[in-house]
Amino acid sequence: MHKNSMNKVILVGYLGQDPELKSTANNLHVVNISVATNETFKKKNESEYSDKTEWHRCVAFGKTADYISNYITKGRLVYVDGKLQTRKWQDKDGNDRYSTDIMIETITMLGRGDGSNQNISKQNVSKPNTVTNDSQADDDDLPF
């Protein structure tokens with residue numbers, strides 16, 4: 001870690017689609033998920049509230065990827081803890097493209113997955129529904 005800097009992302013949002021599981025050439029599992037966060041605001045001089053949805057592309061590896069693909073589904077409320085990573089790639093025409101993803105370090109299921117916001121407390125479960133990413137892939141291993 002570099003002095004006086006930090007790369008940290010925390011999201012609480014809903015999965016917009018089922019996880020997409022892939023494998024690298026070295027058989028490391030990679031999962032991609034889209035997490036939606038919502039913000040409600042009221043514009044100046046208006047009486048109606050508006051919602052703004054922001055979509056976040058998140059990526060996990062190894063056991064965390066397996067956990068997400070097996071247990072977390074579309075519509076599920078999740079807590080994601082991770083860091084931003086920007087990668088450069090070339091499209092089919094040879095143009096440079098950039099993508100910024102959230103690399104998941106920890107993910108926790110919240111609620112019941114039906115949008116009810118009923119949290120699962122540690123008192124109700126013997127094992128927390130949290131998984132920490134224990135594997136990282138080199139850029140050469142990524143299938144995207």
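Residues numbered from 1 in each chain as written. Predicted model: local features only at pLDDT ≥ 70, side-chain atom pairs only at ≥ 80, totals over all residues. Heavy atoms only, no water.

**Quick look at the nonpolar core**
Grouped together as the largest cluster of nonpolar side chains are 18 residues, with contacts concentrated most on Ile33, Ile68, Ile72, Val80, Ile104 and Ile107. The biggest single contributor to this core is strand E6 (residues 96-110), with four residues. Membership of the second largest hydrophobic core comes to five residues, among which are Leu28, Val30, Phe61 and Met103. (Core = buried A, V, L, I, M, F, W, Y, C linked by side-chain atoms within 4.5 Å. Buried < 20%, exposed > 50% of the residue type's maximum accessible area, 1.4 Å probe, protein only. Helix = DSSP H or I, 4+ residues; strand = E, 2+ residues; numbered from the N terminus.)

**Things to note about unusual backbone geometry**
Despite not being glycine, Asn4 shows a phi value in the positive range, around 60°. Looking at the secondary structure, you find Asn4 in the segment before strand E1 (9-15). Classification of Asn4 by relative accessible area gives exposed; the value is 83%. Of note, Asn27 is a non-glycine position whose phi angle comes to about 65°, a positive value.

**A short note on the confidence of the model for the protein chain**
With 76% of its residues at a pLDDT of 70 or more, the protein chain has an overall mean of 83. When pLDDT is averaged over each helix and strand of the protein chain, the minimum, 59, is found for strand E7 (residues 130-132) and the maximum, 97, for E1. (pLDDT = per-residue confidence, 0-100.)

**Concerning the pattern of salt bridges**
Any two side chains of opposite charge can pair if their charged atoms end up close together. The final tally for this structure, using the stated rule, is eight salt bridges. Notably, a salt bridge pairs Lys8 with Asp81, separated by 2.7 Å at the nearest N-O pair. Placement of Lys8 in the segment before E1 and of Asp81 in strand E5 (residues 77-90) is noted, with a sequence separation of 73 residues between them. On the basis of relative accessible area, Asp81 is assigned to the buried category, the value being 12%. Note that Asp101 and Arg87 form a salt bridge whose closest N and O atoms lie 3.4 Å from each other. Linking Asp101 in strand E6 with Arg87 in strand E5, this pair joins segments that are 14 residues apart in sequence. A network of salt bridges, in which partner residues are shared, links Lys8, Asp81 and Glu105. (Salt bridge = Lys/Arg side-chain N within 4 Å of Asp/Glu carboxyl O.)

**Structural notes on the pairing of E5**
In the case of a regular strand, side chains alternate between the two sheet surfaces. When E1 meets E5, the two strands line up antiparallel, connected through six bridges. Looking at E5, one finds that Val9 is bridged to Gly82. The pairing of E5 with E6 spans 14 bridges and is antiparallel. From the neighbouring strand, Val78 faces E6, where its bridge partner is Met109. (Pairing = 2+ DSSP bridges.)

**Some points on the pairing of E1**
In this sheet, strand E3 (residues 29-42) lies alongside E1 in antiparallel orientation, the contact comprising two bridges. Residue Leu15 lies in a different strand from E3, and its bridge partner there is Val35.

**Some words on the packing of aromatic side chains**
The relative placement of two aromatic rings is captured by the distance of their centres and the angle of their planes. All told, the structure shown has one aromatic pair when counted by the stated rule. Considering the side-chain rings of Tyr67 and Tyr71, the 5.3 Å spacing of their centres and the 45° angle between planes classify their relative orientation as tilted. Residue Tyr67 and its partner Tyr71 are both found in helix H1 (residues 62-71); the two are separated by four residues, about one turn of the helix. The exposure class of Tyr67 is buried, given its relative accessible area of 14%. Classification of Tyr71 by relative accessible area gives exposed; the value is 54%. (Phe/Tyr/Trp six-rings, centres within 6.5 Å; stacked < 30°, edge-to-face > 60°.)

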